[in-house]
Amino acid sequence: QVQLVESGGGLVQTGGSLRLSCVASTRTFSNYAMGWFRQAPGKEREFVAAIGWSRLSTHYADFVEGRFTISRDNAKNTIYLQMNSLKPEDTAVYYCARSTYGGTWSTSSNDYGYWGQGAQVTVSS
């Protein structure tokens, strides 16, 4: 059973930064793509960023606009989401997820079979 645990959420002012972490309890962490999704109140869950088994393969949602960086440390079974220049519209619960199918990233939540419990990010105006 794969468990994912996020940390690093919190309250920040507009323009501030946060770094989310997600630790996976699996021996095969490096073989799988990982992703970050978010869900704001009253809205559907949406894709934020993903990283393939290779740290060089990343993809971002258009709204990120160069403000976020996804990375992974396979030795620590951990992925990160560095978020800079945060806006109030970034307020949401952020979830990390592990791909079901392997090392290639996907933007579809249907391709991720394991999810963390979520980390609240609140950006005040």
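Heads up: the structure comes first, above all this text.
Model, not experiment: these values are computed from the prediction. All residue numbers here refer to positions counted from 1 along the written sequence of the relevant chain. Reporting in this predicted model follows two pLDDT cut-offs: at least 70 for local features of residues, and 80 or more for side-chain atom pairs to be given and counted; totals over whole chains, interfaces and linings ignore these cut-offs and use all residues. Neither water nor hydrogens contribute to the side-chain values; these are computed over all heavy atoms in the structure.

Trainee: How should the overall build of the protein be read in this particular structure?
Mentor: Here a strand is any run of E in DSSP of at least two residues, a helix any run of H or I of at least four, and the numbering for each starts at the N terminus. Within the protein, the secondary structure is distributed over zero helices and 11 strands. Reading the secondary structure of the protein in the N-to-C direction produces β-β-β-β-β-β-β-β-β-β-β. In terms of overall dimensions, the protein has a C-alpha envelope of 40 × 25 × 25 Å along the principal axes. A 1.4 Å probe rolled over the protein chains alone gives each residue an accessible area, and that area as a share of the maximum for its type sets the label: buried under 20%, exposed over 50%, partly exposed in between. Expressed as a percentage of its 125 residues, the buried residues of the protein come to 43%. When contacts within the protein are restricted to residue pairs at least 6 apart in sequence, those whose partners lie at least 24 apart make up 58%. Distance from the positive charge centre (11 side chains) to the negative charge centre (9 side chains) of the protein: 9 Å. Here a residue-residue contact requires only that any non-hydrogen atoms of the pair lie within 4.5 Å. Positive: Lys, Arg. Negative: Asp, Glu. His and the chain ends are not part of the count. To locate a charge, the coordinates of NZ of Lys, CZ of Arg, CG of Asp or CD of Glu are taken.

Trainee: Can you walk me through the state of the cysteines in this structure?
Mentor: Simply put, the disulfide is a covalent bond whose two ends are the sulfur atoms of two cysteines. In plain terms, two cysteine sulfur atoms within 2.5 Å form what is called a disulfide here. Here the structure, examined in full by the defined rule, presents one disulfide. Here C22 connects covalently by a disulfide to C96, the sulfurs 2.0 Å from one another. Judged by the torsion about the S-S bond (50°), the C22/C96 disulfide is right-handed. Of the two residues, C22 is situated in strand β3 (residues 18-24) and C96 in strand β9 (residues 92-99); the sequence distance between them amounts to 74 residues. The buried category is assigned to C96, whose relative accessible area is 0%.

Trainee: Is there a simple way to think about the pattern of salt bridges in this case?
Mentor: Working definition: two side chains of opposite charge can pair if their charged atoms are close together. Any Lys or Arg side-chain nitrogen found within 4 Å of a carboxyl oxygen on Asp or Glu counts as a salt bridge. Throughout the structure, instances matching the rule amount to four salt bridges. Notably, a salt bridge pairs R38 with E46, separated by 2.7 Å at the nearest N-O pair. Note on R38: relative accessible area 6%, which makes it buried. E46 sits in the partly exposed class, given a relative accessible area of 33%. Taking the shortest distance from any N to any O, the salt bridge between R38 and D90 comes out at 2.9 Å. Linking R38 in strand β4 (residues 34-39) with D90 in the loop between β8 (78-83) and β9, this pair joins segments that are 52 residues apart in sequence. Given a relative accessible area of 1%, D90 falls into the buried group.

Trainee: Can you walk me through the nonpolar core in this structure?
Mentor: Soluble globular proteins tend to pack their nonpolar side chains together in the buried interior. Side-chain atoms within 4.5 Å link the members of a nonpolar core, which is a set of buried Ala, Val, Leu, Ile, Met, Phe, Trp, Tyr and Cys residues. Judged by nonpolar contacts, the single largest core of 32 residues is most densely connected at L20, W36, V48, F68, L81, M83 and Y94. Sorting the residues of this core by element identifies β3, β4, β5 (46-51), β7 (68-73), β8, β9 and β11 (119-124) as the ones contributing at least two each. In terms of residues, this core owes the most to one element, β5, which gives five residues. Residues within four places of F68 in sequence aside, it is in contact with R38, V48, Y60, L81, Q82, M83, N84, L86, D90 and Y94.

Trainee: Is there a simple way to think about the packing of aromatic side chains in this case?
Mentor: For any pair of aromatic rings, geometry is given as the distance between the ring centres together with the angle between the planes. Aromatic pairing here means that ring centres of Phe, Tyr or Trp (its six-membered ring) are within 6.5 Å. Orientation follows from the plane angle: under 30 degrees is stacked, over 60 is edge-to-face, and everything else is tilted. Across all of its chains, the model carries four aromatic pairs by this definition. Their ring planes at 75° and their centres at 5.7 Å tell us that F37 and F47 sit as a pair that is edge-to-face. You can see F37 sitting in strand β4 and its partner F47 sitting in strand β5, a full 10 residues away along the chain. Across this residue pair, the class does not change: F37 and F47 are buried. With a centroid separation of 6.4 Å and an interplanar angle of 65°, the aromatic rings of Y112 and W115 are classed as edge-to-face. Ring pairing ties together the aromatic residues F37, F47, Y112 and W115, which thus form one cluster. The positively charged end of R98 is found above the aromatic ring belonging to Y32, 3.5 Å away from the centroid. By definition here, charges over rings are those cases where NZ of Lys or CZ of Arg is within 6 Å of the ring centre and within 35 degrees of the ring normal.

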